[in-house]
Amino acid sequence: MKIFAISVVRNNVKPAKTIVDEKDLASFSYFQRSSIGEFMTFMSQTIAEKTQPGQRQSIEESNYVGHVYGRSEGVAGVVITDKEYPPRVAFSLLNKILDEFTTKYPNSALWSNPGQCPYPELKQYIVTYQDPKQGDTIMKVQRELDETKIILHKTIESVLERGEKMESLVERSDVLSSQSKMFYKTAKKQNACCVIC
Amino acid sequence: MVSEQGGSSSTLSLLPKLDQESLRSRAQPNIPSDKRRLLSPIEQQSASSGHADRQRSDFAVMASLIGKDIQATAAKLQKLGRLAKRKTLFDDRPVEISELMYIIKQDIAKLNKQIALLQNHVKEQNSKASHGSKQAMEHSSNVVVMLQSRLAAQTSTFKEVLELRTENMKATKDRREQFMFTTQQQANTLSSDSPLYNLDRRPATSSSQPANNMLSLDLSTPSQNLQQQEQVQLVDANNQYIESRSTAIESIESTLHELGGIFQQLAQMVSEQRDMVQRIDANTDDIESNVTGAQTELLKYYSYVSSNRWLMVKVFAVIISSAVTLSVLS
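Residues numbered from 1 in each chain as written. Chains lettered and ligands numbered in written order. Predicted model: local features only at pLDDT ≥ 70, side-chain atom pairs only at ≥ 80, totals over all residues. Heavy atoms only, no water.

The name given to chain B in an unreviewed UniProt entry is Syntaxin 5, with Entomortierella parvispora as the source organism. Within the UniProt record for chain B, the comment given under Sequence similarities (unreviewed entry) is "Belongs to the syntaxin family." (UniProt positions renumbered as here; feature names shortened; annotations may be inferred.)

An unreviewed UniProt entry lists chain A under the name Synaptobrevin homolog YKT6, from Entomortierella parvispora. In its Sequence similarities (unreviewed entry) section, the UniProt entry covering chain A states "Belongs to the synaptobrevin family." According to its UniProt record, chain A has this under Subcellular location (unreviewed entry): "Cell membrane".

In structure tokens, the structure reads:
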């Protein structure tokens with residue numbers, strides 16, 4: 001499950017223009033990287049153009065899937081992943097990125113000059129979100145809950161063992177108690193009965 | 001078969017075809033007999049007017065084409081009905097079924113148009129034909145009415161099959177719910193079935209009107225349905241994201257619930273073991289008291305025994321000394 005590219009594209013003009021983007025093409029061979037990178041830029045621009053504001057779409061193309069979310073301000077975020085990446089995580093990532101971007105640069109005039117809108121956090125995001133279980137909050141919570149559940153299962157098993165040991169202790173203390181009682185009675189009997197005579 | 005004279009050999013060559021069709025399909029029992037009966041006097045009457053013959057042969061050509069199309073649609077409808085009746089949980093073939101439904105819808109629309117054309121053609125003929133082939137006019141209008149009624153029957157069968165299909169889909173969704181966990185499927189079924197319900201109700205309401213109106217209304221419903229389907233798809237992508245989020249959150253909630261249950265079980269097991277600990281405690285106390293008592297007894301015995309010996313030694317010594325003194329004195 002990999003993310004190949006994240007980009008923020010301005011789609012209220014035709015043709016759509018990319019404002020910022022970030023690619024992670026380490027999985028491809030060195031010679032293919034530039035052409036694949038161009039293809040991804042082109043794909044993000046095309047699908048951002050075709051998305052209405054307030055609409056989410058997932059588009060499948062050879063072995064990539066592009067998730068696009070168009071915001072009402074006229075920018076759209078595009079995430080290009082492989083087919084196994086869960087779309088929910090991609091869309092929550094898009095939500096986060098677009099929220100940050102629009103709060104940072106709310107002025108739409110800035111968008112026409114990509115140099116004025118640097119967005120270095122994208123690099124960080126693409127790294128953390130490579131593993132969707134790591135990046136997404138919901139999945140983190142779910143994972144921790146699952147680990148806790150495993151630990152609790154082990155605890156219950158050890159409590160069961162403790163119970164068995166307790167039972168054996170109870171039996172043994174019962175036996176000891178009866179034996180000591182016999183011992184006491186014998187000793188007492190010896191005292192009362194016939195003395196050596 | 002009908003015996004013929006010159007003129008309209010084309011009509012008569014088509015007659016055997018119609019006859020074979022009727023033998024094949026159960027839905028067309030009447031056409032051959034009617035056509036034969038009505039056509040034979042007509043042939044004999046208007047053997048003279050070749051022009052009228054050509055018109056009628058056109059009419060018969062179109063009528064036979066329409067008959068063939070209706071029969072083909074009936075076969076497709078049967079296949080669709082069989083597919084929709086299947087109640088397997090996992091082998092459902094929605095793509096095939098929806099394709100078939102689309103094809104049948106288009107066929108029905110096309111047949112509608114053709115029958116409307118035929119009707120217009122018949123009206124023109126009737127207005128043009130001055131001399132009295134009244135039977136020809138009656139016959140053609142009869143044929144048109146029969147084709148219309150057969151198409152109406154097909155459409156109502158199609159509607160029934162669609163209703164059956166929605167019911168089956170609901171039933172399979174219910175059964176899937178029982179095997180899988182999610183609780184928000186109810187919202188899912190409502191949102192996805194309601195467009196389907198709307199699409200189904202429309203043919204039902206339209207076909208309740210008289211047959212002539214049904215022809216025109218049916219032409220408009222397919223386009224409306226297509227538009228609705230497009231809108232549903234667009235809304236669906238958004239819905240899917242939101243629904244998957246809510247699914248994930250619900251699974252988290254259920255995990256938390258399970259964890260709570262596990263903690264409770266743990267507490268209960270530990271409290272059960274508390275009783276056992278108390279028993280062990282009581283037992284060990286008993287052991288201690290018993291052993292201390294036994295030790296006391298033994299001490300007493302030991303002192304008794306040791307003191308006894310001392311006494312006996314003293315008594316013995318006194319007796320022996322007395323015995324010795326007595327023997328010495330005497």
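Alright, that's what it looks like, and here's the rest.
1. Considerations on the overall build of chain A
Regarding its fold elements, chain A presents five helices and five strands. Written out in order from the N terminus, the α and β elements of chain A read β-β-α-β-β-β-α-α-α-α. Burial statistics for chain A: of 197 residues in total, 42% are counted as buried. Taking the intrachain contacts of chain A between residues at least 6 apart in sequence as the baseline, contacts between residues at least 24 apart amount to 51%. As displayed, chain A offers around 11200 Å² of accessible surface, 57% of which is attributable to carbon and sulfur atoms. (Helix = DSSP H or I, 4+ residues; strand = E, 2+ residues; numbered from the N terminus. Buried < 20%, exposed > 50% of the residue type's maximum accessible area, 1.4 Å probe, protein only. Contact = heavy atoms within 4.5 Å. Areas by Shrake-Rupley, 256 points an atom, 1.4 Å probe, with all protein chains shown as cover.)

2. Thoughts on the packing of aromatic side chains
All names here are of chain A. Tallied over the full model, the rule gives nine aromatic pairs over all chains. Note on Phe28 and Tyr64: the rings are 6.5 Å apart at their centroids and 80° apart in plane angle, and the pair reads as edge-to-face. A residue pair is termed long-range when its members are at least 10 positions apart, and Phe28 in the loop between strand 2 (17-23) and helix 1 (33-49) and Tyr64 in strand 4 (residues 64-70) qualify at 36 residues. For Phe28, a relative accessible area of 15% translates into the label buried. By the ring-pair criterion, three or more aromatic residues cluster together here, those being Phe4, Phe28, Phe39 and Tyr64. Here the basic side chain of Arg56 rests over the ring of Tyr69, its NZ or CZ set 4.3 Å away from the ring centre. (Phe/Tyr/Trp six-rings, centres within 6.5 Å; stacked < 30°, edge-to-face > 60°. Lys NZ or Arg CZ within 6 Å of the ring centre and 35° of its normal.)

3. A closer look at the nonpolar core
Membership of the largest hydrophobic core comes to 27 residues, with the highest contact counts inside it found for A:Ile3, A:Ile6, A:Leu93, A:Ile97 and A:Phe101. Elements that contribute at least two residues to this core include exactly strand 1 (3-10), strand 2, strand 5 (75-81), helix 2 (87-104) and helix 3 (121-128) of chain A. Top contributing element to this core by residue count: helix 2 of chain A, with eight residues. Those residues in contact with A:Ile3, other than ones at most four positions away along the chain, are A:Asp24, A:Val79, A:Ile80, A:Thr81, A:Tyr85, A:Leu93, A:Ile126, A:Tyr129 and A:Gln130. If you look at the next biggest cluster of nonpolar residues, it comprises 24 residues, including B:Leu77, B:Val122, B:Val161 and B:Leu162. (Core = buried A, V, L, I, M, F, W, Y, C linked by side-chain atoms within 4.5 Å.)

4. A look at helix 3 of chain A
All names here are of chain A. Within the sequence span of helix 3, burial applies to Leu122, Tyr125 and Ile126. Projection of helix 3 onto a plane perpendicular to its axis shows the buried side chains occupying an angular sector of 95°, all on one side. Along helix 3, exposed side chains directed more than 90 degrees from the buried face belong to Lys123, Gln124 and Val127. Contacts from the buried residues of helix 3 go to strand 1, strand 2 and helix 2. (Arc of directions from axis to C-beta.)

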